[in-house]
Structure formats: C-alpha cells, structure tokens
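Listed here are the chains, written in short residue letters.
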Amino acid sequence: MSSVDTASDGPSGGGRRKRKSHTTQIQDDDDSDGRDPSDLDGVEKQRETHNQIEKRRCEKMNMYITELSDLVRKCMQTNKKMDKLTVLKLAVQHLREEILQMKSCCMSSLNSWLPTI
C-alpha cells in the first residue's frame, strides 16, 4: 500500500491524493488582514483626502448645474425646478438650436456676397 492517503469522496471520484495540511503561524497583531498598524493611519488619511476631493468635485458640479439650470429656465421661460438630466438635455437642445440658427444666418449672408454665375 502507498504512503499517500487517497480521497474517495471528491467530485471526480476516488484515487485522488490528499494534500498535507500546512500549519500557519498565529499572528500577535489585532489586524486580521496582516497589515502593519502604522500603515493603517496612512490608508485612513488617504481615504479621508479622497473623500474630501470627491465632495468638492460634487459640490462644484452641482453649482454649475444649478447655474445652467437658471439659464435654461430663463430660456424656456419656466420657473419649475428641474432635475440634472433635464437641465443638461435642455441645455444641449438649446445650444443645437442656436448653432443651427447661426449657421443659417451665416449661410444667408455668405450667399449675398457670392457673385451669381
């Protein structure tokens, strides 16, 4: 008989070898992830800095959307409060209309300068 144990209840049937279990050392640290406690201060500080940066970014974005909302409401002649998506959609729609109007205006003025053949 072989000196290696075989497992007969595995998913692929019998005849498979068992691995010997390795003993692990017990750590004295309180951290379950094995990190050095001094590294956690850096990670916490990094997370806090990132959260502050993200908060400022969101505040700026909301400020500009509010400003754009005021402009769009004046153009649309409405006083109702709009959600961010509606503000962006109406702003894009308004800009497209303005660009088309400018193009048609420019084309008509160019046509008056062109000589007739």
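Residues numbered from 1 in each chain as written. Predicted model: local features only at pLDDT ≥ 70, side-chain atom pairs only at ≥ 80, totals over all residues. Heavy atoms only, no water.

**Q** When you look at the overall build of the protein chain in this model, what are you seeing that I'm missing?
**A** A tally of regular secondary structure across the protein chain gives two helices and two strands. In the protein chain, the succession of α and β elements from N to C terminus is β-β-α-α. By the burial criterion, 8% of the 117 residues in the protein chain qualify as buried. The contacts of the protein chain with a sequence gap of at least 6 include a subset with a gap of at least 24, amounting to 0%. Accessible surface, the protein chain as shown: approximately 11,500 Å² in total, 54% of it carbon and sulfur. (Helix = DSSP H or I, 4+ residues; strand = E, 2+ residues; numbered from the N terminus. Buried < 20%, exposed > 50% of the residue type's maximum accessible area, 1.4 Å probe, protein only. Contact = heavy atoms within 4.5 Å. Areas by Shrake-Rupley, 256 points an atom, 1.4 Å probe, with all protein chains shown as cover.)

**Q** What exactly am I supposed to notice about the pattern of salt bridges here?
**A** Two side chains carrying opposite charge are able to pair once their charged atoms lie near each other. In the structure shown here, the tally under the stated rule is two salt bridges. In this structure, the salt-bridge partner of R47 is E44, at a minimum N-O distance of 3.8 Å. Here E44 and R47 lie together in helix 1 (residues 37–76), a separation of three residues that amounts to about one turn. Residue R47 is classed as partly exposed on the basis of its relative accessible area, which comes to 47%. A salt bridge links E54 to R57; the shortest N-O distance between them is 2.7 Å. Here the residue E54 and the residue R57 both occupy positions in helix 1, the gap between them amounting to three residues, near one helical turn. You can call E54 partly exposed: its relative accessible area is 30%. (Salt bridge = Lys/Arg side-chain N within 4 Å of Asp/Glu carboxyl O.)

**Q** Quick question: what am I supposed to make of the nonpolar core here?
**A** Note on soluble globular proteins: their nonpolar side chains tend to be buried together. Residues I65, V72, M82, V87, L90 and A91 constitute the largest nonpolar core, which totals six residues. For this core, the secondary structure elements donating two or more residues are helix 1 and helix 2 (84–113). The dominant element in this core, judged by the number of residues it contributes, is helix 2, at three residues. Setting aside anything within four residues of it in sequence, one finds M82 in contact with S69, V72, R73, V87 and L90. (Core = buried A, V, L, I, M, F, W, Y, C linked by side-chain atoms within 4.5 Å.)

**Q** Where do I start with the confidence of the model for the protein chain in this structure?
**A** For the protein chain, the average pLDDT comes to 75, and 60% of its residues sit at 70 or higher. Summarising per-element confidence for the protein chain, the mean pLDDT is lowest in strand 1 (residues 6–7) (48) and highest in helix 1 (88). Taken together, the stretch residues 2–8 has pLDDT below 50 and engages in 14 contacts with residues farther than four places along the chain or on a different chain. In this model residues 26–31 is a low-confidence stretch, pLDDT under 50, and it forms five contacts with partners more than four residues away in sequence or in other chains. (pLDDT = per-residue confidence, 0-100.)

**Q** Mind showing me how you'd approach the environment of C75 here?
**A** Along the chain, the position of C75 falls in helix 1. In this structure C75 comes out as partly exposed when scored by relative accessible area, which is 43%. A sequence separation of 15 residues divides C75 from L90, and the C-alpha atoms of the two residues are 9.5 Å apart.

**Q** Looking at this structure, how should I read the side chain of S69?
**A** Considering the arrangement of structural elements, one finds S69 in helix 1. Assessed through its relative accessible area of 8%, S69 is described here as buried. Residues within four places of S69 in sequence aside, it is in contact with M82 and V87.

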